[in-house]
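Okay, here's what each chain looks like letter by letter:
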Amino acid sequence: MQIEKDKVVYFHYTLKDEAGIAFENSHNSHPMTYLHGHGNILPALESELVGKSVGDELVVTLSPEQAYGVRNDSAQQRIPIKHLATKGKLRPGMMVKVNTQDGLRDVTVVKVGKFNVDVDTNHPLAGKTITFDIKIENIRDPEPEELSHGHVHGEGGHHH
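Presented here is a report on the structure given in the accompanying data block.

## Structural notes on the layout of surface pockets
Logical step 1: For the largest pocket, the calculated volume is near 270 Å³.
Logical step 2: Lining the largest pocket we find 16 residues, and of these Tyr-13, Leu-15, Glu-24, Tyr-68 and Phe-132 sit closest to its centre.
Logical step 3: Those elements that place two or more of their residues in the lining of the largest pocket are strand 1 (8-16) and strand 2 (22-25).
Logical step 4: At 3 residues, strand 1 tops the list of elements feeding residues into the lining of the largest pocket.

Right, here's the structure in full:
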C-alpha cells in the first residue's frame, strides 16, 4: 500500500534545525499519525510523502516559507497574564499557550511583568529551515468516521 489521499499514515520522525541539531522526535512514543490529503500536517511535507510505502525512509528539508513562515519581527504584543492557558512561573524564552478567539495559540514569552506578559506571536520555528528524518511505519484505510471528520481518531475511537 502506498501513501495517497484518504490513507491513514503512521511515521516516526526526528526534526532538526539548520545546524542539524535534533530538537523533537517521536521515537520514544507513538508514531505521528495523520489522514493524508486533509491538511493535517505541513502541506510541503505531505506532498513529499505521496507514493511512499511502509519501511521507506526519507529526509525532507523545508524552507521557512514551506514550513512555519518567515519571521515577523514586529509580532510582539503585551497581554494580561490571565489570558494564558499555561499556568505557573513564567520565564523569558518559555513557550506558552494563550487563549484567543480562535482557540489556543503557541507563543514565546519575551518579558514577564506583574499583571502582563510580552509575547512573541511568531511560531517558534518561524524563519527556520527545518529537516525531518522520517520512517514510514504503517499505512491503512481510514475508518468511516475518521474519513467523514477529516482526521485520525486516537486509540479506542473518537478523541476531540
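## Some points on the side chain of Thr-131
Logical step 1: If you trace the backbone, Thr-131 turns up in strand 9 (residues 130-140).
Logical step 2: A distance of 3.0 Å separates the side chain of Thr-131 from the side chain of Thr-61, its partner in a polar contact.

## Remarks on the pairing of strand 9
Two faces make up the sheet, and in a regular strand the side chains alternate between them.
Logical step 1: The sheet contact formed by strand 1 and strand 9 spans 9 bridges and is antiparallel. Each residue of the ladder has a partner; that of Val-9, found in strand 9, is Ile-139.
Logical step 2: Pairing between strand 4 (residues 57-62) and strand 9: 6 bridges, direction antiparallel. Following the sheet pairing, Glu-57 is matched in strand 9 by Lys-135.

## As for the pattern of salt bridges
Logical step 1: All chains considered together, the criterion is met by 8 salt bridges.
Logical step 2: Among the ionic pairs, Asp-141 bridges to Lys-7, the shortest N-O distance being 2.4 Å. Here Asp-141, found in the loop between strand 9 and helix 2 (144-149), pairs with Lys-7, found in the segment before strand 1; they are 134 residues apart in sequence, far enough to count as distant.
Logical step 3: Using a relative accessible area of 44% as the deciding quantity, one classes Asp-141 as partly exposed.
Logical step 4: Two residues, Asp-106 and Lys-97, come together in a salt bridge whose shortest N-O distance is 2.6 Å.
Logical step 5: According to the relative accessible area criterion, Lys-97 is partly exposed, its value standing at 36%.
Logical step 6: When salt bridges that share partners are traced, they join Arg-71, Asp-73 and Asp-120 into one network.

## Here's the deal with the sheet that holds strand 5 (residues 76-80)
Logical step 1: Reading across from one edge, 5-8-7-6 is the order of the 4 strands in this open sheet, with antiparallel pairing throughout. Two strands lie at the open edges of the sheet, namely strand 5 and strand 6 (95-100), each paired on one side alone. Geometrically, the sheet is characterised by an average inter-axis angle of 50° between neighbouring strands, direction not taken into account.
Logical step 2: Examined bridge by bridge, strand 7 (residues 103-112) and strand 8 (residues 116-120) share 4 bridges and lie antiparallel to one another. Each bridged residue has a counterpart across the sheet, and for Lys-111 the counterpart in strand 8 is Asp-118.

## Remarks on the packing of aromatic side chains
Logical step 1: For the structure on display, the rule yields 3 aromatic pairs.
Logical step 2: Between Phe-11 and Tyr-34, the ring centres sit 6.0 Å apart and the planes meet at 75°, which makes this aromatic pair edge-to-face. Placement of the pair is Phe-11 in strand 1 and Tyr-34 in strand 3 (residues 32-35), with a sequence separation of 23 residues. Both residues of the pair, Phe-11 and Tyr-34, belong to the buried class.
Logical step 3: Linked through ring pairs, Phe-11, Tyr-13, Tyr-34 and Phe-132 together constitute an aromatic cluster.

What counts and how
- Residues numbered from 1 in each chain as written.
- Predicted model: local features only at pLDDT ≥ 70, side-chain atom pairs only at ≥ 80, totals over all residues.
- Heavy atoms only, no water.
- 1 Å grid on protein atoms, 1.4 Å probe; cavity = no way out; pocket = protein on both sides within 12 Å on 5 of 7 lines; lining within 4 Å.
- Points joined across faces, edges and corners; volume = space filled by probe spheres on them.
- Helix = DSSP H or I, 4+ residues; strand = E, 2+ residues; numbered from the N terminus.
- Polar contact = N/O pair within 3.5 Å; in protein donor to acceptor, adjacent residues only side chain to side chain.
- Pairing = 2+ DSSP bridges.
- Salt bridge = Lys/Arg side-chain N within 4 Å of Asp/Glu carboxyl O.
- Buried < 20%, exposed > 50% of the residue type's maximum accessible area, 1.4 Å probe, protein only.
- Axes fitted to C-alpha atoms, helices over the stretch in contact; angles between N-to-C directions.
- Phe/Tyr/Trp six-rings, centres within 6.5 Å; stacked < 30°, edge-to-face > 60°.

In short, the description is geometric, and any link to function would need to be established separately.
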